[in-house]
Amino acid sequence: MSTGKPSANAISGSHPFAARRSMNQLTNKLFTGIVWLIGICTILFIIALLYTILQKGLPQLDWGFLYGEPSEIEEGGGIGPVLFNSFYVLFISLIISIPLGMASGIYLAEFAPANKFIAFIRICVEGLASVPSIIFGLFGIVLFVESLDLGLTVIGAAISLAFLNLPVLTRVTEEAIRSVPQEMKQASFALGSTHLQTIRRVLIPVALNGIITGICLVAGRAFGESAVIILTGGVTSSGVMWDFNPLDPGATLAVHLWYVQSEAIVPDARLIAEKSAAVLVFIVLMINIVFRVPMWLNARKMR
Amino acid sequence: MKTKWFRNLGLAVMALSLTFGSVSAVSASSKLSGRIVINGSSALLPLTLQASNEFKKLNPKVKISASAAGSVTGPQSVRKGIADIGACDWDASTSVPGFAAFSGQVANKVAVIPFAAVTNGSVGVSSLSTSDLQGIFSGKITNWKDVGGKDAKIVVVNRAFGSGTRVNFQLKALNGTDFMTKGDNYKEVKSSGDMKTAIETTPGAIGYIDLVYVSGSKMKAVSINNVAPTEANVINGTYKVWSYGYYMTKGQPTGAVKAFIDYVQSSKFQNGSLKKLKFIPLAAMKK
Amino acid sequence: MSMMEVPNLGTVYSGEELGRSLEGSSGKAFSRRARLSFYNRTFKIVCIASAVFVCLILFSILLLMGRTGILTFETVSLKTFFFSTEWVPENEQYGAFIFIFGTIALTLLTMVISVPLSLIIAIFLSEMTPAWLKNALRPVLDLLVGIPSVVYGFLGMTVLIPMLRSVTGTTLGDGILAAAIVLTIMVLPTISRITDDSIVAVPKKFRDASYALGSTRFQTVVRVVIPAAKSGIMYAVILGMARALGETMAVVMVIGNTPQLADALFKPTSVLTSNIVMQIPNVPFDSAWNYALYMMGFILLVISLIMIVVVRAIQGRGVKS
C-alpha cells in the first residue's frame, strides 16, 4: 500500500529527478490550494445558509410566539402546542427506536455469524434507510389509521417516525461497536466477563461517542420531518400546552411550518414560516450541542 | 375482502356515534363528547382549523383532529370509515370530470370559495377574456403581447390533476377546456402556498388560486371578461369563478359531527370567523 | 452521567437486575452463573428479535406497496408501464418511464456533483484543518442534516431558481439541474461526514510510511489514504445516494412536476418521489392510477435495493483484492 512510484524527494539535489520533483511540488501545491479553496467556500456557504434561515426569524422571536397558540385569522399566532408536540413526538419515537436500533446494531456487530443471512439482514437495514419518508407515512396510515382506527395521533406519528429512524440507528450502532479495538474486548473476556457484561461495561461505553453522533443525526432528522407526520399525526394539535395524551392529534413544528408555508391564510404567514424555520434550526443546533456534552465528558473520562 | 371489514367498522363507529348523539341530545351541548376526524381539501383547512379551535372551547370533551391532503381524500376517507367529515371543494355526491360520485354521502355546504386567475406583478395585463384564458392554459398563446401585455414569454403554473382548485377553475373559468401538460414554460405545484411563491418569483407567470391568498403587489389577480374578482361581484352574480366548499358525511350527520357542522353553518361563525378568513358566507348567496 | 443510562434501555430489566445480582452474589456461585447465562441468552434473543423486527418493517412495507402496486397490471401492460412516456391520468395512460429515467438521471447527476465535492471537503476536514476548526465544523455539518427539507425546498424555489434564471437566461429554471443542486446541498453533510470519519480511521502509520518514502501530501492522500478508506467512502456514497433517491419534499418544489423526459438540464420534469407526493393526495383509492403510484413506490424501493446490492458487491470485491 505505498505510492507506486517512489518520488524524487528523497534524493535531494539529484539532477535527473529535478523536473519531476518540481512537477510533484506543483501538483501538490495546486491540490492543497483547491482543497483549501473549496473548504473555505463550503464554510462561507454554510454560514450564508444558516444566516439566511436564522436572520429573518431569530431577531423577531419572543416568548409569546414560542408559547402562544396558533391563530388562523389574526396576526401574532404562536407555536406553543406544536412546539411541545415536536418534543413529545421526538421523545416517544426515540424511546422506541433507540433500544430497538441499538439491540439490532449490537446483534449485527457482536452475535451475527458472517453468513449470507446476515448479509441479507444488512442489506435490508440499508434498504430500509433509503425508503422515502412518504412511504413510511403511507405505511403509518394503513397501520394506525385504518387497521387500529386510532385516527391521527401523537402515538401514531411517533411510532412511524421511530420506524424511519431504526435503520440509521442500527447501522450507526453497528459501525460504532465494530470500531472498538479488539484488544479491549479480549481483555474483558480474559477477566471472565460474560458477553453481556462485556457489551454493557466495555463495548457500549467505548462506542458511546459514535452512537451519540448517530442519535444526534436521527433526532435532527426526526425533528425536521414533515411528510410522515402530516399523514399519521395530522395538521392539528390539541391546542393546549402540556397535553400528554398520546391519542391527541400530533402536528409538530415542522408540520406547522409546512402548513403555514403551503395553506395558511393569516396575513403574517410568511413571517411565521420564517420564525418557525429559525426556531427549528436553532433547536436542532441545541440538540447537537446538548447531546455532545456527555460525549465530551465521556471522552475526557476515557483519556 | 378488507373493504367489507372497513364497512362493518364504519357501521360500528356510526352506531357508536349514534349512541353518543342520543346521549348528548339529552344533556346540554357543552357535555357533548366524542371524536371527530376531518380529512380532505387543503383549501378548506384554515377554515376547519379555526372552526375546530372555537368548537373545542365550547365543547371541551370533543376531540377534533384534522389533516388535509387533497379534496378527493375527504369523501374517500369518509367512505373507508377513517374520517367522519371529508372536506371537499366540489359536491362529491355528484360526479365531476375525473371523479365518480360517492353514493350514500351527504354534502353539507360550509362556505363559498372564490377563485382568481393570477399573474406575476410585472406582467401588466389587468383583464383577460375566457378565450384568452383558454388559449393561455391550453398552451396556444405563449406570449403576453398576444393578449395585450408586453413582449414576454408566458409561464403557465398549474395545480396537479385532481386538485379541487383545478377542477373548479377548469369548470368555471375555462368552460372545461383541457390544460396543456408539457413544455419548457409549464410547471405544476403542490399547494396554494407553492402556487403563490411560484407566481411571485417567476416573471411572466400565470396561474390561479383561491382569492383569499391574493395579497401584496408581487401577485396580481386579473379580471375575467372585465369583471374583477371581488366578493361583491361574486355575491351579485357577475363573477362566475367560485364554488361551494363541502363537508361530506356518511349519511346525515349525527352527534358531535352534526353539532360541529351546525356550528360551522351557524350565523355566528359564518359572519364572524369565516368572513375574517375571507370566505363568503353561505347566506350571502341565497339571495 | 444520565447519558450512560440511554444505552441500557434495550436491556432495562436484565441490565439493572444483573447489577443488583452482582452485588449480592457472594453466596451461591452456581445459581449466579445460571442466572448470568440466562441473562446472556435473553439478551441475545432480544437483539435477534430487534434485528428481525427491522427487517420485518421493510418487508411489510414492500408487501404493502407490492400488493397494491401489482394490481396496476390488471389494466396496464408491463411494457406500457415501464417503457411508455405517456403519463396522462386523465386518459388512463400510465407510462412510468419518464419518472424512472428521471429518478436515475437525477440521482446520477447529484452523485456526480456531490461525491467529488464531499470527498474534497472530507479531506479538508480530516487532513488539513487545525483542530479548532474541525471541532467547530463537524457539529455544523451534522446540523445541516437536520434542516427540514421543506426549508431547503423553499430556499431552492426563492433563491436558487431565480439565480439560475438570471445566470442562464432560461424562462423557468426548474428542472433536474436545480433539483440536483438542492439535493447536493442536502447529501453533502452526510457523505462528507462519514467519509471524514473513515479517513480519520486510517492508521497514522500508513501516512507516515508514505511520507517517509518521500511522497507529497497530494500523493499520500490520493494513493494511500483514500484507497485505505475506500470501504467507508463507499458506505457514505450509498447513504447519500439513498437519501437523494428518496428525497421528496424539497425536490417537488424545484423540479417543475411535468411528465416529460428530462433530456435537458432546464426542462421541467418529474421523478418517482415527486410524482407520488404530487398525485397521491388526489387519487381515487380503487383506481389504476392509485395502483400505478404504489407500483412506482415499489419500484423506487427496488431501485435502491439493487443499488445497495451493486455497491456492496463492488465493495466486497475491493476488500478481497
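Conventions we followed
Residues numbered from 1 in each chain as written. Chains lettered and ligands numbered in written order. Predicted model: local features only at pLDDT ≥ 70, side-chain atom pairs only at ≥ 80, totals over all residues. Heavy atoms only, no water. UniProt positions renumbered as here; feature names shortened; annotations may be inferred. Helix = DSSP H or I, 4+ residues; strand = E, 2+ residues; numbered from the N terminus. Buried < 20%, exposed > 50% of the residue type's maximum accessible area, 1.4 Å probe, protein only. Areas by Shrake-Rupley, 256 points an atom, 1.4 Å probe, with all protein chains shown as cover. Contact = heavy atoms within 4.5 Å. Buried area = accessible area lost by both parts, 1.4 Å probe. Salt bridge = Lys/Arg side-chain N within 4 Å of Asp/Glu carboxyl O. Nonpolar A, V, L, I, M, F, W, Y, C, P; charged D, E, K, R; others polar. Polar contact = N/O pair within 3.5 Å; in protein donor to acceptor, adjacent residues only side chain to side chain. Domains from an automatic or database assignment. Axes fitted to C-alpha atoms, helices over the stretch in contact; angles between N-to-C directions. Phe/Tyr/Trp six-rings, centres within 6.5 Å; stacked < 30°, edge-to-face > 60°. Lys NZ or Arg CZ within 6 Å of the ring centre and 35° of its normal. Pairing = 2+ DSSP bridges. Right-handed = clockwise from strand over helix to strand, strands pointing away. Left-handed = near helix turned anticlockwise from the far one by under 90°. Bend = angle between axes of the 7 residues up to and from the residue.

- Chain A carries the name Phosphate transport system permease protein PstA in an unreviewed UniProt entry, which gives Paenibacillus sacheonensis as its organism.
- The Sequence similarities (unreviewed entry) comment attached to chain A in UniProt states, word for word, "Belongs to the binding-protein-dependent transport system permease family. CysTW subfamily."
- Looking at the Subcellular location (unreviewed entry) heading of the UniProt record, one finds this comment for chain A: "Cell membrane".

**Brief notes about the overall build of chain A**
Step number 1: Helix and strand content of chain A: eleven helices and zero strands.
Step number 2: Start at the N end of chain A and walk to the C end: the helices and strands fall as α-α-α-α-α-α-α-α-α-α-α.
Step number 3: The buried share among the 303 residues of chain A stands at 61%.
Step number 4: For chain A, the accessible area works out to roughly 12,100 Å², and carbon and sulfur atoms hold 69% of it.

**Things to note about the interface of chain A and chain C**
Step number 1: Each partner contributes residues to the interface: chain A has 88 residues there, and chain C has 89 residues.
Step number 2: Across the chain A/chain C interface, buried area totals approximately 8,400 Å², and carbon plus sulfur atoms make up 80% of it.
Step number 3: Summed over the shared surface of chain A and chain C, the number is zero salt bridges.
Step number 4: Split into classes, the residues belonging to the side of chain A that touches chain C amount to 55 nonpolar, 25 polar and eight charged.

**Details of the interface of chain B and chain C**
Step number 1: Facing the 33 residues of chain B at the interface are 30 residues of chain C.
Step number 2: The contact between chain B and chain C buries some 2,700 Å² in all, and 59% of this surface belongs to carbon and sulfur atoms.
Step number 3: The shortest N-O distance in the salt bridge between B:Lys182 and C:Glu86 comes to 3.8 Å.
Step number 4: At the boundary of chain B and chain C, one finds six residue pairs in polar contact (both at pLDDT 80 or more).
Step number 5: Counting only elements with at least two residues in the side of chain B that touches chain C, the list comes to α3 (73–80), β7 (186–189) and α6 (192–201) of chain B.
Step number 6: Per element, the largest residue contribution to the side of chain B that touches chain C is five residues, and it comes from α3(B).
Step number 7: Here the side of chain B that touches chain C is composed, by residue class, of ten nonpolar, 13 polar and ten charged.

**Things to note about the domain arrangement of chain C**
Residue and element names in this part refer to chain C.
Step number 1: Taken domain by domain, chain C consists of domain 1 (3–71) and domain 2 (75–320).
Step number 2: Facing nine residues of domain 1, the contacting portion of domain 2 comprises eight residues.
Step number 3: In this assembly, domain 1 packs against domain 2 so that about 840 Å² is buried in total across both faces, 85% of it on carbon and sulfur atoms.
Step number 4: Contact with domain 2 buries surface across domain 1, with Leu62, Met65 and Leu71 losing the most and accounting together for 52% of the total.
Step number 5: For the pair domain 1 and domain 2, the interface holds zero salt bridges.
Step number 6: Remark: the boundary between domain 1 and domain 2 carries zero residue pairs in polar contact (both at pLDDT 80 or more).
Step number 7: Residue composition of the side of domain 1 that touches domain 2, grouped by class: six nonpolar, three polar and no charged.

**Observations concerning the pattern of salt bridges**
Step number 1: A full pass over the atoms with the stated rule returns 13 salt bridges over all chains.
Step number 2: When the shortest N-O distance is used, the salt bridge between B:Lys187 and C:Asp174 registers 2.6 Å. Taken together, the residues B:Lys187 in strand β7 and C:Asp174 in the loop between α6 (149–168) and α7 (176–200) connect one chain to another.
Step number 3: The exposure class assigned to C:Asp174 is buried, which follows from its relative accessible area of 1%.
Step number 4: Notably, a salt bridge pairs C:Lys204 with C:Asp208, separated by 3.5 Å at the nearest N-O pair. With C:Lys204 and C:Asp208 both in helix α8 (residues 204–212) and four residues apart, this pair spans about one turn of that helix.

**Notes on the packing of helix α8 (residues 195–224) of chain A against helix α5 (residues 131–146) of chain C**
Step number 1: Contact pair α8(A) / α5(C): the axes reach a minimum separation of 7 Å and the direction vectors enclose 35°. In contact with A:Thr213, A:Leu217, A:Gly220, A:Arg221 and A:Gly224 of α8(A), α5(C) contributes C:Asp142, C:Val145 and C:Gly146.
Step number 2: For the contact of α8(A) with α5(C), the per-class residue count stands at two nonpolar, four polar and two charged.

**Quick notes on the packing of aromatic side chains**
Step number 1: Considering all chains together, one arrives at 26 aromatic pairs over all chains under this definition.
Step number 2: With 6.0 Å between their ring centres and 45° between their planes, A:Phe139 and A:Phe163 make a pair best called tilted. Of this pair, A:Phe139 sits in helix α5 (residues 133–147) while A:Phe163 sits in helix α6 (residues 154–178); the two residues are 24 residues apart in sequence, bridging distant segments of the chain. Grouping residues by exposure puts A:Phe139 and A:Phe163 together as buried.
Step number 3: With a centroid separation of 5.2 Å and an interplanar angle of 90°, the aromatic rings of C:Trp87 and C:Phe99 are classed as edge-to-face. Remark: C:Phe99 occurs in helix α4 (residues 97–128) and C:Trp87 occurs in strand β1 (residues 87–88); sequence separation between them is twelve residues.
Step number 4: Cluster of aromatic residues (ring-pair linked, three or more members): B:Phe55, B:Tyr247, B:Phe260, B:Tyr263 and B:Phe269.
Step number 5: Positioned above the aromatic ring of B:Tyr244 is the side chain of B:Lys109, whose terminal nitrogen or guanidinium carbon lies 4.1 Å from the ring centre.

**Focus on the domain arrangement of chain A**
Residues and elements named next belong to chain A.
Step number 1: For chain A, the domain assignment lists domain 1 (12–59) and domain 2 (61–302).
Step number 2: The straight-line distance from the C-alpha centre of domain 1 to that of domain 2 is 35 Å.
Step number 3: With seven residues of domain 1 in contact, the opposing surface of domain 2 contributes seven residues.
Step number 4: Between domain 1 and domain 2, roughly 630 Å² of surface is buried when both sides are summed, and carbon and sulfur atoms account for 74% of that area.
Step number 5: Viewed at the interface, domain 2 and domain 1 are joined by zero residue pairs in polar contact (both at pLDDT 80 or more).

**Some remarks on the UniProt feature "transmembrane region" (unreviewed entry) in chain A**
Residues and elements named next belong to chain A.
Step number 1: As recorded in UniProt, the feature "transmembrane region" (unreviewed entry) lies at residues 30–54, 87–108, 120–144, 150–169, 202–223 and 277–297.
Step number 2: Note that residues 87–108 is 100% helix and 0% strand, and that its end C-alpha atoms are spaced 30 Å apart.
Step number 3: With 88% helix and 0% strand, residues 120–144 has end C-alpha atoms that lie 28 Å from one another.

**Description of the pairing of strand β1 (residues 34–40) of chain B**
Residue and element names in this part refer to chain B.
Step number 1: The buried count for β1 comes to six of seven residues, which makes it a mostly enclosed element.
Step number 2: Relative to strand β2 (residues 62–66), β1 runs parallel, the two being bridged by five bridges. Looking at the pairing, Ile36 lines up with Ile64 of β2.
Step number 3: One crossover worth recording links β1 to the parallel β2 by way of helix α2 (residues 45–58), and it is right-handed.
Step number 4: Judged from the three bridges that link them, β1 and strand β3 (residues 85–88) form a sheet pairing that is parallel. Looking at the pairing, Asn39 lines up with Gly86 of β3.

**A short note on the environment of B:Tyr213**
Step number 1: Within the element layout of this structure, B:Tyr213 appears in the loop between β8 (205–210) and β9 (219–221).
Step number 2: The sequence separation of B:Tyr213 and B:Val112 amounts to 101 residues, and the corresponding C-alpha distance is 15 Å.
Step number 3: Beyond its immediate stretch of four places on either side in the chain, B:Tyr213 contacts A:Glu263, A:Ala264, A:Ile265, B:Ser192, B:Lys196 and B:Met219.

**Section: the packing of α5(C) against α7(C)**
Residues and elements named next belong to chain C.
Step number 1: Between α5 and α7, the shortest axis-to-axis distance is 8 Å and the interhelical angle comes to 145°. Seen from above, α5 lies across α7 with left-handed handedness. Here Arg138, Leu141, Asp142, Leu144 and Val145 of α5 lie close against α7, whose contacting residues are Pro189, Thr190, Ser192, Arg193, Asp196 and Val200.
Step number 2: Here the contact of α5 with α7 is built from residues that sort into five nonpolar, two polar and four charged.

**A short note on α6(C)**
Step number 1: When the local axis directions of α6(C) are compared, the greatest deviation, roughly 40°, occurs at C:Gly156.
Step number 2: Trailing α6(C) by a residue or two, C:Gly169 shows a phi angle of about 80°, which is positive.

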